[in-house]
Amino acid sequence: MEKKELLYEGKAKKVFATEDPDVLIVDYKDDATAFNGLKKGTIVGKGAINNRMTNHIFKILETKGVPTHYIEELSDRETAVKKVEIVPLEVIIRNFSAGSFAKKMGMEEGIKFKQPTLEFSYKNDDLGDPFINKYYALALDLATEEEINTIEKYAFIVNDVMREYFDSLGIELIDFKIEFGRYHGQIILADEVSPDTCRLWDKETHEKLDKDRFRRDLGNVEDAYQEVFRRLGIH
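These lines cover the structure that appears in this document, whether it is placed above or below.

What follows deals with the overall build of the protein. Helix and strand counts for the protein stand at six helices and 14 strands. Residue pairs at least 24 apart in sequence account for 56% of intrachain contacts in the protein once pairs closer than 6 positions are excluded. Working note: accessible area of the protein is about 11600 Å², and carbon and sulfur atoms make up 49% of it. For the protein, the distance from the average site of its 35 positive side-chain charges to the average site of its 45 negative ones is 3 Å.

Here the focus is the sheet that holds strand E2 (residues 13-17). Within the open sheet, the five strands sit side by side as E1-E2-E3-E7-E6. Their pairing is antiparallel. Strand pairing shows two members of the sheet lacking a second neighbour, strand E1 (6-9) and strand E6 (70-73), which therefore form its edges. Strand-to-strand, the axes of this sheet are offset by a mean angle of 25°, without reference to chain direction. With five bridges joining them, strand E3 (residues 23-28) and strand E7 (residues 78-82) adopt antiparallel strand pairing.

Let us look at the side chain of Asn-50. By the secondary structure assignment, Asn-50 is in helix H1 (residues 46-63). Asn-50 sits in the buried class, given a relative accessible area of 1%. Non-local contacts of Asn-50, meaning those with residues more than four positions away in its chain, are made with Tyr-28, Glu-192, Val-193, Ser-194, Pro-195, Asp-196 and Tyr-225.

Bringing the packing of aromatic side chains into the picture now. For the coordinates displayed, the defined rule picks out two aromatic pairs. On the numbers, 5.9 Å between centres and 50° between planes, the contact of Tyr-165 with Phe-166 is tilted. One exposure class covers both Tyr-165 and Phe-166, and it is buried. Sitting over the face of the ring of Phe-16, Lys-3 holds its NZ or CZ atom 4.4 Å from the ring centroid. Seen from the ring of Phe-214, Lys-39 lies directly overhead, with NZ or CZ sitting 4.8 Å from the centre.

Here we come to the packing of H1 against helix H6 (residues 221-232). Interaxial distance between H1 and H6 falls to 10 Å at its minimum, and their mutual angle equals 35°. Regarding H1 and H6, the two cross each other, and that crossing is left-handed. In contact with Lys-46, Ile-49, Asn-50, Arg-52, Met-53 and His-56 of H1, H6 contributes Tyr-225, Gln-226, Val-228, Phe-229 and Leu-232. Here the contact of H1 with H6 is composed, by residue class, of six nonpolar, three polar and two charged.

This part takes up the pairing of strand E4 (residues 31-34). Relative to strand E5 (residues 39-42), E4 is paired through four bridges, and the arrangement is antiparallel. Looking at the pairing, Asp-31 lines up with Thr-42 of E5.

Another point: the pairing of E7. In terms of residue burial, E7 counts as a mostly covered element, since four of its five residues are buried. Between E6 and E7, which pair antiparallel in sequence order, lie four residues.

We now examine the environment of Arg-215. With respect to the helices, strands and loops of the structure, Arg-215 is situated in helix H5 (residues 212-215). Exposure remark for Arg-215: the relative accessible area of 24% places this residue in the partly exposed category. Between the C-alpha atoms of Arg-215 and Gly-233, which are 18 residues apart in sequence, the distance is 26 Å. In contact with Arg-215, not counting residues within four places along its chain, are Ala-34, Phe-35, Lys-39, Asp-196 and Arg-199.

Basis of the calculations
Residues numbered from 1 in each chain as written. Predicted model: local features only at pLDDT ≥ 70, side-chain atom pairs only at ≥ 80, totals over all residues. Heavy atoms only, no water. Helix = DSSP H or I, 4+ residues; strand = E, 2+ residues; numbered from the N terminus. Contact = heavy atoms within 4.5 Å. Areas by Shrake-Rupley, 256 points an atom, 1.4 Å probe, with all protein chains shown as cover. Lys, Arg positive; Asp, Glu negative; His and termini not counted. Charge placed at Lys NZ, Arg CZ, Asp CG, Glu CD. Pairing = 2+ DSSP bridges. Axes fitted to C-alpha atoms, helices over the stretch in contact; angles between N-to-C directions. Buried < 20%, exposed > 50% of the residue type's maximum accessible area, 1.4 Å probe, protein only. Phe/Tyr/Trp six-rings, centres within 6.5 Å; stacked < 30°, edge-to-face > 60°. Lys NZ or Arg CZ within 6 Å of the ring centre and 35° of its normal. Left-handed = near helix turned anticlockwise from the far one by under 90°. Nonpolar A, V, L, I, M, F, W, Y, C, P; charged D, E, K, R; others polar.

Have a look at this one:
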């Protein structure tokens, strides 16, 4: 698999074409951003951790019936993936109150919900990824009703699988953001699952093991990412 021209460079990844029009290579960066790019920095080793963790989780999800864009891990930072058309919806599942939800609802962080919540954001940096619902998504023609139903179904399966898996590692899955894409008419999971996109707290100490350490200047950011990776036991 050979990298051709750079197609896209985002906040955390570069995407390259390959000789196969259906296959891309994703190259994960150590760059870190928060608050829609207003805060910038570097988390040393983050690219390799996020790449390998995403691939590890995606392979688990594949066995549980969630199709993903994963094809092959090429190196610590690079992975071959199916070329998808990203559905411009960020899908956020929350198991506990935290972050913007806690702030918006006037709740303290760490309150466990009776059942998980699902919310959508319109994936649009210029607008600040605004919160929308299913009816907005249909009105804006971001996805069909059938696609949205499929996305919701897969998102809750992802939550069930990851919650159980992280629990076995002594980690509480507080919330996470995922994205989906269209691949030859099929909805599949794309993007990544990592400490960049999940809130992960130690079950015993409630120590934050995710990007909130960078967002909130809590320090030991690299150590937190390394700790999650260590518990995954990927070799």
